[in-house]
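Here are the chains, one letter per residue:
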Amino acid sequence: MSFRSSLRLLLRTIVGTAPGRACVLLALAVCAGLLAPAVLAVTGLAVTRAPAAVDAGLTSPAGRDLLSALALIGVLFAVGQALAPVRDAVGVSIGSTIVQRLRERLLGATLGPPGIAHLEDPAVADEIQRGSGIEWDVGPMTRVVEELGKTVTQLTAAIGSAVLLAGLEWWAPLVLLVAVALSHLWTDDEEHRMVQAQEKYAVLDRRADYHRDLALDPPAAKEVRLFGLAGYLAGRTRGWRLDYLAEVWRARAARRGPVPRTLAAVVVTYGLVLGTLAARVLAADVGVGQLAVYVPAIATLTGLGAGFVDLWWVRQGAAAVPHILELERVTLTPRTRLSGTGSAAGKPERELRLSGVRFGYPGAAQPVLDGLDLTIPAGTSLAIVGVNGAGKTTLLKLLARLYDPDEGAILVDGVDLRDLDPASWRRQLAVVFQDFVRYELSARDNIAFGRPPDDADDEAEALRTAARRAGALDLIEELPSGWETVLARQYAGGAELSGGQWQRIALARALRAAQGGARLLVLDEPTANLDIRAEADLFERFLELTAGTTTLLVTHRLSSVRHADRICVLGDGRVSEQGTHEELLAAGGTYARMFRLQADRFAGAAETSGAADLSGAADLSGTVADV
Ligand SMILES: Nc1ncnc2c1ncn2[C@@H]1O[C@H](COP(=O)(O)OP(=O)(O)OP(=O)(O)O)[C@@H](O)[C@H]1O
């Protein structure tokens, strides 16, 4: 987008966001701009009156005229001194409001769509990075508006100076203004190219940031050290950043192209006007008072070229705005908004049915699920198993409506999921994903997030119940500050949890959601980090506690799935087998093979380790992926 278009957008944003303050800024900037030519005019007057005043004395009428002119200069100076900081302060305040609004719009555009497909689109990721230009800090955008105010002052001062200079020759201000306009025209293209280069190569900057964050990120710290990646990451961070800067500098070098032309235009026009002025002075056409006005007026006009260098900030700030608007256009379209307005309260009451579901990730050559049919009676538990990449998590994501199927439908009590309001449907869900979030917040927040904040007096007790059921209560109470302990060691008094402990916290969060009325519990390998017996205990307890709630469970440990009412095996994008544990064993298919393999492995491990009592858990050591 051209600078003019993005500037228009920026101005529209300023006026739309803070119309009152924008008017005040404009008025202050114009007044501050008018002061400069006014001071020049009065200075000319004072210089003209000075000789007569000196001859007649300060008490004479000529002396009093001089004194009043000098007093007026003093007043104008004082007003100028007062106006400029007020104008800048108003600019900064508008800038801060705009940053805040644009930040909200950026977040709205990113978080707005109920699905997540847009976040996996590289083009959207780039727009987010570019739109975040607004986010560098509050500094730049406040500076942008401040500079806009100064620019208006400069323009007003230049117009006033042009009017004064027209007293010398009508064409004098025009030729100077033409030179300024030409130099802007010539540099404009180069400046634009440079901003474009910054935007175009934002992806290089994003990669540099990623490598830097990996080096600084505590979760990655272990692998970074073990794999000896520190030097590599530092090198790659430097490499990507240098690649980015090289492109930007290449564009910057191109800016030097118009410098000789610009210089020539300024020298020629400046020389012409100054030469004319000198000739008129020599011809005694122009007195010393006028000289005192014309020389600074010429300087103000020619300074317009150099002074506009600050427009660079405006250019940068303006560049981020279109990306935020583009992001909104891409992400807040009806396509990403997800359809559906029906209430999902109380669903599913009868059944959840997937019919002919086909789904592939955007840009993928093959669908993950293809012609999948599955019926889950409400109130029962279903375990989903399958090799790595079979599509188990994808199936859960479709059920959570993070994506919609490409073909086929998911029916809840006979109603297409697409006809239900996504937010209403999600209130029926309690999900623990494989990659659940470990919030660097208090233990209380980590569990309370399962359900929107609640002012009810019994919330603390409800959180305790959820934690107890997930087997997390003891561990929370033993934390240094109990429920208020931040679950991250980077915070003073914070605590680091083990993988299994985190899973208990995540389970407690899901149980908190269940307390809030969720009717579909979805657990995607929620216990992979628990030891065998803890997992077996937890599942048994979990399924007991959630009896009557529809529960979907993904796990690779087949001992756990035995407790589910039914088991389905995913393969080739569809359900390849389903039944109870006993039925599937009797059928002698994939499930039976997977189960025996795990059981054999476990028996072998038990023999060699001399394990004593492993009854009921003799199938837990391998993974489905081994088959
Ligand atoms: N966000 C995504 N974008 C593109 N492809 C994806 C995405 N998530 C998963 N996939 C692909 O979809 C396929 C199914 O992935 P999914 O995570 O559903 O498998 P899974 O059965 O849960 O595997 P696992 O047992 O390893 O957890 C895989 O080939 C994976 O690479």
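Rules of the game
- Residues numbered from 1 in each chain as written.
- Predicted model: local features only at pLDDT ≥ 70, side-chain atom pairs only at ≥ 80, totals over all residues.
- Heavy atoms only, no water.
- Salt bridge = Lys/Arg side-chain N within 4 Å of Asp/Glu carboxyl O.
- Helix = DSSP H or I, 4+ residues; strand = E, 2+ residues; numbered from the N terminus.
- UniProt positions renumbered as here; feature names shortened; annotations may be inferred.
- Buried < 20%, exposed > 50% of the residue type's maximum accessible area, 1.4 Å probe, protein only.
- Axes fitted to C-alpha atoms, helices over the stretch in contact; angles between N-to-C directions.
- Parallel < 35°, antiparallel > 145°, perpendicular 65-115°, else oblique.
- Left-handed = near helix turned anticlockwise from the far one by under 90°.
- Contact = heavy atoms within 4.5 Å.
- Nonpolar A, V, L, I, M, F, W, Y, C, P; charged D, E, K, R; others polar.
- Phe/Tyr/Trp six-rings, centres within 6.5 Å; stacked < 30°, edge-to-face > 60°.

**Concerning the pattern of salt bridges**
What the rule picks out here adds up to 19 salt bridges. Two residues, Arg87 and Asp88, come together in a salt bridge whose shortest N-O distance is 3.0 Å. The salt bridge involving Arg464 is made with Glu461; its shortest N-O contact spans 3.8 Å. Highlighted residues: Arg464 and Glu461, both in helix α17 (residues 459-469), separated by three residues, approximately one helical turn. The network of salt bridges with shared partners includes Arg143, Glu146, Glu147 and Lys150.

**Examining the UniProt feature "transmembrane region" (unreviewed entry) in the protein**
If you check UniProt for "transmembrane region" (unreviewed entry), the listed places come out as residues 21-46, 66-84, 262-282 and 294-314 in our numbering. Secondary structure across residues 21-46 divides into 100% helix and 0% strand, with the first and last C-alpha atoms of the span separated by 37 Å. For residues 66-84, the helix share is 100%, the strand share is 0%, and the end-to-end C-alpha distance is 27 Å.

**Some words on unusual backbone geometry**
Outside of glycine, negative phi angles account for most residues, and trans bonds account for most peptide bonds. Residue Pro348 is bonded to the preceding Lys347 through a cis peptide linkage, with omega at 0°. Mapped onto the fold, Pro348 is located in the loop between α13 (334-337) and β1 (351-359). Backbone geometry places Ala284, a non-glycine residue, at a positive phi of 60°. Classification of Ala284 as exposed rests on a relative accessible area of 66%. In this structure, Asp572 takes a positive phi of about 50° despite not being glycine. Looking at the secondary structure, you find Asp572 in the loop between β9 (566-571) and β10 (574-579).

**Observations regarding the packing of α17 against helix α19 (residues 499-515)**
The axes of two packed helices give the description: the angle between them and the distance between them. Direction vectors running N to C along α17 and α19 enclose 130°, while the axes themselves pass 8 Å from each other. Classified by the angle between their axes, α17 and α19 sit oblique to one another. Like other packed secondary-structure pairs, α17 and α19 cross with a definite hand, here right-handed. Packed against α17, whose contacting residues are Glu459, Ala462, Leu463, Thr465, Ala466, Ala467 and Arg469, the element α19 presents Ala508, Leu511, Arg512 and Gln515 at the interface. Of the residues contributing to the contact of α17 with α19, the split by class is six nonpolar, two polar and three charged.

**Describing the side chain of Thr237**
Looking at the element boundaries, Thr237 is found in helix α9 (residues 230-254). Accessibility expressed as a relative area gives 14% for Thr237, which makes it buried.

**A look at the packing of aromatic side chains**
Evaluation of the coordinates by the stated rule reveals five aromatic pairs. Ring centres of Phe359 and Tyr403 lie 5.1 Å apart, and the angle between their planes is 50°; this geometry places the pair in the tilted category. Highlighted residues: Phe359 in strand β1 and Tyr403 in the loop between α14 (392-399) and β4 (407-412), separated in sequence by 44 residues. Residue class for Phe359 comes out buried when judged on its relative accessible area of 3%. Classification of Tyr403 as buried rests on a relative accessible area of 4%. Between the aromatic rings of Tyr591 and Phe595, the centroid separation amounts to 6.2 Å while the plane-to-plane angle is 25°, which identifies the pairing as stacked. Linking Tyr591 with Phe595, this pair stays in helix α23 (residues 590-609), spanning four residues, or about one helical turn. Residues Tyr591 and Phe595 agree in their burial class; the two are buried. By the ring-pair criterion, three or more aromatic residues cluster together here, those being Phe359, Tyr361 and Tyr403.

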